[in-house]
Amino acid sequence: MREQYLFDKIDLHLIRVLHTVLVERSVSKAAIKLGMHQPAVSAALKRLRDLSGDPLLVRSGGNMLPTDTALRMVEPAARILRSAEALFSDARGFDPHTATRTFRVMANDYLDPLFLPRLVARIKAEAPLCPIEVLPLSPDVHYQAHLAQGEVDLVIANWPKPPEDLHLGRLFSDEVVCLVARDHPVVRRGWDRDEWLAAEHIAPTPTFPGAKGVIDLQLDEMGLTRNVAARCAHFSLIPDIVASSLLVLTTGRQFCQRYVQRLPVVVLPCPIEFQPLNYYQLWHSRSHHSAAAVWLRQCVRGVADSLRTY
């Protein structure tokens, strides 16, 4: 009976206050974000403390810190809010002009550097009230779990073999080329396969120890190994490194071509024929028929089509 009594005391607004206060770790900041007066947020926090039997936030020096109990409540509260956000939206249909739901897209930075800026611009132009969050597809991210739990709407990246347990939409294929500094000797004299293998290459940092990227996996299949002299965890910074060194970047033409006008770099054919890089958008079955998610996937598809210039 006590559990039912507690449940009757909880409403969605209280959950929203709980999540915001715990994320912001400040009653005043939470009030600003919620558009509420600070005394109202303080009163809601008192209710939450009474319901949970826990102080939730405690002072530590000049800061407020969540208790262990509060930390365990952050993600369940976020899930409740996400579920509530989607509960009636598809029943009403999705109107991008009036919708207020948040879109969350996870992507790596191997993409064409124009892709994500154009995607955000398109979403904000067509759905001006919808917040958009672009999340990094970093080595320690279990993106399948994020999709399954509804924490992410889409994942955009390239995989040699995309996961079979997710829905997949092909975006584009990209020819593998090399990016070198304009004054690199190879620009004048050219190169063959052995010279390319012996050159000093720069590659992205592996997603986990021992992992290999698309280029090195294909080289393994050919029984070949290149000389990787440098690695960088931030793929979008590699062209700047290439411009001031003799390092060679081997990746998709669409990515490389965007830097030719901005940096003293040159795009060269690769003397080894690689399979094209294939980029996809992935989503979970839970959002397959969602009107909002379908609209988002169409936006992604449209931006990919608009960037096919090479």
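Below is a short write-up of the structure.

With five of five residues buried, strand β3 (residues 103-107) lies mostly within the body of the structure. Residues Phe-103, Val-105 and Ala-107 line one face of β3 and the alternating positions Arg-104 and Met-106 line the opposite face, and both faces are buried. Traced from β3 through helix α7 (residues 115-126) to strand β4 (residues 132-136), the parallel crossover comes out right-handed.

Further remarks concern the sheet that holds strand β8 (residues 200-204). Taken together, five strands build an open sheet; the order of strands is β9-β8-β10-β7-β11 and the sheet is mixed. Looking along the sheet, the strands with just one partner apiece sit at the ends: β9 (227-232) and β11 (265-269). Along the sheet, successive strands turn relative to each other by an average axial angle of 40°, direction set aside.

Attention shifts here to the packing of helix α2 (residues 12-24) against helix α4 (residues 38-52). Between α2 and α4, whose axes approach to 10 Å, the crossing angle comes to 95°. By the angle between their directions, the pair α2 and α4 is classed as roughly perpendicular. Facing α2, whose interface residues are Leu-14, Val-17, Leu-18 and Val-21, α4 presents Val-41, Ala-44, Leu-45, Arg-47, Leu-48 and Leu-51. Residue composition of the contact of α2 with α4, by class: nine nonpolar, no polar and one charged.

Next up on the list: the sheet that holds β3. In spatial order, the strands read β4-β3-β5-β12-β6; together these five strands make up an open sheet with mixed pairing. Each of the sheet's edge strands pairs with one partner strand only, and the pair in question is β4 and β6 (167-174). Geometrically, the sheet is characterised by an average inter-axis angle of 20° between neighbouring strands, direction not taken into account. Sheet topology note: the β3/strand β5 (residues 154-158) ladder contains three bridges and is parallel. Among the inter-strand pairings, Met-106 is bridged to a residue of β5, identified as Val-155.

Structural remark: α-helix, 3.6 residues per turn; residues separated by three or four positions point the same way. Within helix α3 (residues 27-34), the full set of buried residues consists of Val-27, Ala-30, Ala-31 and Leu-34. Angular distribution of buried residues about the axis of α3 spans 105°; they occupy a single face of the element. Across α3 from its buried face, at more than 90 degrees, point the exposed residues Lys-29, Ile-32 and Lys-33. Check the buried side of α3 and you find it contacts α2 and α4. In the stretch just after α3, Gly-35 is the one whose phi turns positive, near 70°.

Rules used throughout
Residues numbered from 1 in each chain as written. Predicted model: local features only at pLDDT ≥ 70, side-chain atom pairs only at ≥ 80, totals over all residues. Heavy atoms only, no water. Buried < 20%, exposed > 50% of the residue type's maximum accessible area, 1.4 Å probe, protein only. Helix = DSSP H or I, 4+ residues; strand = E, 2+ residues; numbered from the N terminus. Right-handed = clockwise from strand over helix to strand, strands pointing away. Pairing = 2+ DSSP bridges. Axes fitted to C-alpha atoms, helices over the stretch in contact; angles between N-to-C directions. Parallel < 35°, antiparallel > 145°, perpendicular 65-115°, else oblique. Contact = heavy atoms within 4.5 Å. Nonpolar A, V, L, I, M, F, W, Y, C, P; charged D, E, K, R; others polar. Arc of directions from axis to C-beta.

So, to be careful, I would describe these as geometric facts and stop short of saying anything about function.
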